[in-house]
Number of protein chains: 2
Amino acid sequence: MKVTLRDLAERLGLSISTVSRALADDPRISRETKRQVTETAKQLRYRPSVLARGLKTRRTMTIGLIVIDVTYPVYASIARGVEDEAHIAKYNVIICNSDSTPGKEYQYIENLLERGVDGVLLTPVGGPTVQWDILEREAIPFVLIEGDDDDSPSSSVRVDHARGGHLATDYLVGLGHQDIGLLCGPTSFPWNRQLYDGYRQALDKAGIPFRSSLVIQADLDLTSSYYAASELLSSAGPPTAIFAGSDVTAYGTYRALSERNLSVPGDISVIGYGDIPIARVLSPPLTTISYDSYQIGKTSARRLFKILEDPEGCGTAHLVIQPELVVRKSAAPPRKGSKGQRGKGQDGPEK
Amino acid sequence: MKVTLRDLAERLGLSISTVSRALADDPRISRETKRQVTETAKQLRYRPSVLARGLKTRRTMTIGLIVIDVTYPVYASIARGVEDEAHIAKYNVIICNSDSTPGKEYQYIENLLERGVDGVLLTPVGGPTVQWDILEREAIPFVLIEGDDDDSPSSSVRVDHARGGHLATDYLVGLGHQDIGLLCGPTSFPWNRQLYDGYRQALDKAGIPFRSSLVIQADLDLTSSYYAASELLSSAGPPTAIFAGSDVTAYGTYRALSERNLSVPGDISVIGYGDIPIARVLSPPLTTISYDSYQIGKTSARRLFKILEDPEGCGTAHLVIQPELVVRKSAAPPRKGSKGQRGKGQDGPEK
DNA sequence: CTGAAAGCGCTAACAA
DNA sequence: TTGTTAGCGCTTTCAG
């Protein structure tokens, strides 16, 4: 059977509390006793019960991490960052996949609460929700990862996606593009509005009029981004460059382009978003916006632990991580005189 | 403060045990009482304490999942599969990254034991280890994922990598290749020996003599696989096809090849292993061996839960998942007369 | 059908 | 410096 404090106590002829204190390195226990205790603890392979301790101290040294889907590289990296930090701080992390559905998110929150987690890290599915209220009511510290806005009641860490959108668009503008298409990602990923904002800002700054026909919504998968890109290309007044909103969307765009014998970046420039592993491997290698998702994980976990250490002492902070442009080969200046080009093939009238 | 059974009991003028039973849907509690209890439970937002319950029942409805690194697509999928299955069975999963180091693996096991997990899922770093002994001694059910061999004392699920290696090699042989290089992955990933075995078997079956100079070891990262591939190519009697042992190794190979102006599959055929997302996106799209890692996760979790339900009733099973060949564009019949080709460039003496 | 009481393994206030 | 005692919130005999 499992060995408990009691077993140690009996074995040593000490009281349970003395043993407990010795193990906790309480200053008022003698060196000698401590030595004996730790020794027989090791010998009998004593393992403290986190359960029992938690029941008493109300701390389980466990946190919950709710991501949208670990299967996406971003969330895997975040998860890894969190776990690494947790391991250092001696916490365990329970992982949950919300699939962007409020229902699952809610279930998991309830679940984590029953588990008595000390805090939770959450990539929220949307704006302020019941879930947040629950956490607040129960006074469980939580930090929002990649939340939609900064008016959350708790700490948060997110990437400055508006900046990212700006960066991408601005780069294209700098290259000389005027007609820049935006393939906006699914709204179930909270950052897409920010991206869009950045896009608009950059356009405004450059004095380029916004054309709504150049913006189109696409899901994250290949086929729907393929179709969205196709639609964009066959519209009247097609773009000379496409900002893809995500790297997989960019790949869908590549496909749509190659289908029409349009070359990247010769005929059309493409820029991605996220810098997932496939980006550098596409041909041409994808120019994209990169941000350190592992760091997001680390940062938010660190933040949470700080709150757990000192619930009062540290206010709520909204940390933001800056994305950066990674220039590879998929964007170039527009073809001369391509302004009115219809983009229906590579063999135009002038050759 | 937190609402407990006691609160409910007081509120209803019942005893704690009655309330407990009502909530557990004990048959000897009257309909009416149950109704009242569940109602006020909902009303007061009662949430049972898994901690307290676990202390009593010795079941925490929590399992540990130790993977090498969630950041690798394979493990992310496995994790997802496990978590999905756990969610259904109402378990929680604590995630751990061992980084293939016995030390971390050991730490996590101890850690999980202190947590009182009901079982653990483990992608082991090597053959039978102390860790397994610990789990056995403590009578914690565990199932091995992608373990090296089948003589494990517990259940296991793994991919038949020998088959995978065979499949890949055999395909190349079928195409007419005789000189097939093998870029064997790092030994910290347990399946590489199996891969190698499959390679040898396929060669034997085809009556092709094995040449050790055609086998070389490479780490998983780009640079080392790049160098390994280069070495292979500049050796005496270079291969006409390369079996890359992993998809990223295959990518490294692509690089080494393009550096020497060797085309895939025109000059050299390449076949990968694992079918991670980048595989279909490389150019040319990578022919590779695929296996369903999400399913591995599901299967192993399911197995574990079955054991937990009925510790005696179900013996140890060794489940194996079959990989399959995914033909894309990176392998083709060898160039005619390429048998003795040196592969130093594309402009050979004969044009 | 319901209640009283013991106890899971631990910590912490209070004594000695 | 060490021991005694009282729970943490729950399940589960054993009584009624």
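Remember, predicted model here, so these are calculated numbers, not experimental data.

A. Region of interest: unusual backbone geometry. Of the consecutive residues Val 264 of chain A and Pro 265 of chain A, the connecting peptide bond is found in the cis state with omega at -5°. A cis geometry characterises the amide bond from Ser 283 of chain B onward to Pro 284 of chain B, with omega recorded as 0°. Along the polypeptide, Pro 284 of chain B turns up in the loop between β9 (269-271) and β10 (288-290). Even without being glycine, Asp 25 of chain B reaches a positive phi, approximately 60°. For Asn 261 of chain B, which is not glycine, the phi torsion reads 60° and is therefore positive.

B. Spatial organisation of the domain arrangement of chain A. Taken as a whole, chain A is organised into domain 1 (5-48), domain 2 (61-159 + 293-321) and domain 3 (161-291). With centres defined by C-alpha atoms, the gap from domain 1 of chain A to domain 2 of chain A works out at 36 Å.

C. Spatial organisation of the interface of chain A and chain B. Each partner contributes residues to the interface: chain A has 50 residues there, and chain B has 49 residues. Note on chain A versus chain B: buried area summed over both sides is about 4,500 Å², and carbon and sulfur give 51% of it. Looking at the side of chain A facing chain B, the largest losses of area belong to Arg 47, Leu 51 and Arg 80 of chain A, adding up to 17% of the total buried there. Counting every contact that joins chain A to chain B gives eight salt bridges. For Arg 80 of chain A, the salt bridge identified is with Asp 99 of chain B, shortest N-O distance 2.9 Å. Viewed at the interface, chain B and chain A are joined by 32 residue pairs in polar contact (both at pLDDT 80 or more). Counting residues per element, the side of chain A that touches chain B draws most heavily on helix α6 (residues 102-115) of chain A, which supplies eight residues. Taken together, the residues of the side of chain A that touches chain B break down into 22 nonpolar, twelve polar and 16 charged.

D. Examining the environment of Ser 293 of chain A more closely. When you line up the elements, Ser 293 of chain A lands in helix α12 (residues 293-309). Taking the relative accessible area as the measure of exposure, Ser 293 of chain A reaches 11% and is therefore buried.

E. Spatial organisation of the relation of the copies chain A and chain B. You can overlay chain A on chain B at an RMSD of 0.1 Å; the transform is a turn of 180° with a shift of 0.0 Å along its axis. Here the two chains are linked by the operation of a two-fold rotation axis. Among all residues of chain A, the one whose C-alpha sits closest to the rotation axis is Ile 94 of chain A, at a distance of 2.2 Å. A symmetric contact is evident, with 98% of the interface residues of chain A recurring at the interface of chain B.

F. Main features of helix α5 (residues 73-88) of chain B. All names here are of chain B. With 16 residues, α5 ought to run about 22 Å at 1.5 Å a step, and its terminal C-alpha atoms sit 23 Å apart, in line with that. Buried residues dominate α5, accounting for 13 of its 16 residues. One or two positions beyond α5, positive phi appears at Lys 90, with a value near 65°.

G. Examining the protein's contact with DNA strand D more closely. Lining the immediate environment of DNA strand D, one finds 27 residues, of which Ser 17, Thr 18 and Arg 21 of chain A together with Leu 5 and Tyr 46 of chain B sit closest. Backbone sugar and phosphate groups make up 58% of those atoms of DNA strand D lying within 4 Å of the protein. Here a base oxygen of DNA strand D and a side-chain polar atom of Ser 17 of chain A are 2.9 Å apart. In this structure, Arg 58 of chain A approaches DNA strand D through a side-chain N or O atom, which is 2.9 Å from a phosphate oxygen. Secondary-structure elements contributing two or more residues to the surface near DNA strand D are α2 (16-23) and α4 (50-57) of chain A together with α2 (16-23) and α4 (50-57) of chain B. Within the surface near DNA strand D, the residues separate by chemical class into eight nonpolar, eleven polar and eight charged.

About the criteria used
- Residues numbered from 1 in each chain as written.
- Chains lettered and ligands numbered in written order.
- Predicted model: local features only at pLDDT ≥ 70, side-chain atom pairs only at ≥ 80, totals over all residues.
- Heavy atoms only, no water.
- Helix = DSSP H or I, 4+ residues; strand = E, 2+ residues; numbered from the N terminus.
- Domains from an automatic or database assignment.
- Contact = heavy atoms within 4.5 Å.
- Buried area = accessible area lost by both parts, 1.4 Å probe.
- Salt bridge = Lys/Arg side-chain N within 4 Å of Asp/Glu carboxyl O.
- Polar contact = N/O pair within 3.5 Å; in protein donor to acceptor, adjacent residues only side chain to side chain.
- Nonpolar A, V, L, I, M, F, W, Y, C, P; charged D, E, K, R; others polar.
- Buried < 20%, exposed > 50% of the residue type's maximum accessible area, 1.4 Å probe, protein only.
- Least-squares fit on C-alpha atoms with pLDDT ≥ 70 in both.
- Expected span 1.5 Å × (residues − 1).
- Near = heavy atom within 4 Å.

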